[in-house]
Amino acid sequence: MIDHPRRLLLQLAIVLAICGTGRLAYATDAGDGVDQPAAKAALLKAYPGLFTISGNVLTWADGTTMVWDDGKARDAEALLESPDIEDMFRYVYPTAAEGALVPAEDFDPGRIRNEAFFEKLYGKSAADVGKHIANVKWLPKLGKKTVQVTKVFGINDRLGKISDVLEAMPAELSRYGLKPGGGFVWRPIAGTNRLSVHSFGAAFDINVGFSDYWYNNRNKTNPKTHIPFKNRIPLKIVELFEKNGFIWGGRWYHYDTMHFEYRPELLLYKKSG
Ligand SMILES: [Zn+2]
């Protein structure tokens, strides 16, 4: 599909981003550029058998319905606060294969989450989510930690598999798994009323000693100031998590580099054309 004006804008955004930082950067895609069929297909494939999508309505197996796209225009702030389901595909998540990139302003693929959708997947209270929480032996030889994540979608087994591979890696890589920040905690995201994905047991933080978090590096007197990107996590670690269905918080302008969360729909979603 050829969409010249939008493509030109995108190229302009890339050029501006590269000129602005002097480093390779992501383009922002602030337009309503969601590829609807591709996004719906990715969501259905990521969470098979749980719901159907017909036109603008997502219907869960128990009959509950949700609106796919409410048609409201949202700025970056509103996308985080009150996104519809379609908005979760606003930014295309780049994979490790695309290399070490510096996110452009407000480029936050995966940070946009429709909370009602996740409550339906994992539970809508600490007690609900807690019914599915399992212990995972994390780096049993090196670190001997037990961490908690949900069994839903085999997330506990996926994390166990990551642990096995990470533990067999050379020490200069396996050390990024030591001192893990942890998995399941029912809590809001710092400074917001929104639930963290840790609340659903679907996120995991690796070594807190190598963590960089945008919130700590923001300009506190002038919050509009560009946040400098920082990261100490190697792509080999990122790749390992991505292979097992997790996205990385280091792909975000509002970065959280120790953070990984299970979001297969974003790993599956690619725009056509
Ligand atoms: Zn986290």
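These numbers were taken from a predicted model, which means no experiment stands behind them.

*Asks:* Looking at this structure, I do not really get the overall build of the protein. What am I missing?
*Replies:* Within the protein, the regular secondary structure consists of ten helices and nine strands. Relative to its full complement of 273 residues, the protein shows a buried share of 48%. The contacts in the protein between residues at least 6 apart in sequence include a share of 62% that link residues at least 24 apart. When the accessible area of the protein is evaluated, it comes to approximately 13,200 Å², of which 56% is carbon and sulfur surface.

*Asks:* It is not clear to me how the packing of aromatic side chains should be interpreted in this structure. Could you clarify?
*Replies:* This structure, assessed with the given rule, holds 23 aromatic pairs. Note on Tyr-91 and Phe-107: the rings are 5.5 Å apart at their centroids and 55° apart in plane angle, and the pair reads as tilted. Of this pair, Tyr-91 sits in the loop between α3 (76-81) and α4 (115-122) while Phe-107 sits in the loop between α3 and α4, placing them 16 residues apart in sequence. Note on accessibility: Tyr-91 and Phe-107 belong to one class, buried.

*Asks:* Would you mind showing me how to read the coordination of the zinc ion here?
*Replies:* Six octahedrally arranged donors around a metal ideally form angles of 90 or 180 degrees; four tetrahedrally arranged donors ideally form angles of 109.5 degrees. Only His-198 (NE2), Asp-205 (OD) and His-259 (ND1) from the protein coordinate the zinc ion, and they sit 2.0 Å from it. Mapped onto the sequence, the donors of the zinc ion take the spacing H-x6-D-x53-H. For the pair shown, His-198 and Asp-205 are each scored as buried.

*Asks:* Help me understand the sheet that holds strand β6 (residues 180-182) in this model?
*Replies:* Sheet strands line up and pair through hydrogen bonds in the backbone, either parallel or antiparallel. In spatial order, the strands read β6-β7-β9-β8; together these four strands make up an open sheet with antiparallel pairing. On the outer flanks of this sheet lie β6 and β8 (246-248), each paired with one strand and no other. The average angle at which neighbouring strand axes cross in this sheet is 25°, direction not considered. Taken together, the three bridges between strand β7 (residues 203-207) and strand β9 (residues 259-262) define a ladder with antiparallel strand orientation.

Here is what the cut-offs are and how they apply
Residues numbered from 1 in each chain as written. Predicted model: local features only at pLDDT ≥ 70, side-chain atom pairs only at ≥ 80, totals over all residues. Heavy atoms only, no water. Helix = DSSP H or I, 4+ residues; strand = E, 2+ residues; numbered from the N terminus. Buried < 20%, exposed > 50% of the residue type's maximum accessible area, 1.4 Å probe, protein only. Contact = heavy atoms within 4.5 Å. Areas by Shrake-Rupley, 256 points an atom, 1.4 Å probe, with all protein chains shown as cover. Phe/Tyr/Trp six-rings, centres within 6.5 Å; stacked < 30°, edge-to-face > 60°. Donors = N, O, S within 2.8 Å, 3.2 Å for Na, K, Ca; no water. Pairing = 2+ DSSP bridges. Axes fitted to C-alpha atoms, helices over the stretch in contact; angles between N-to-C directions.

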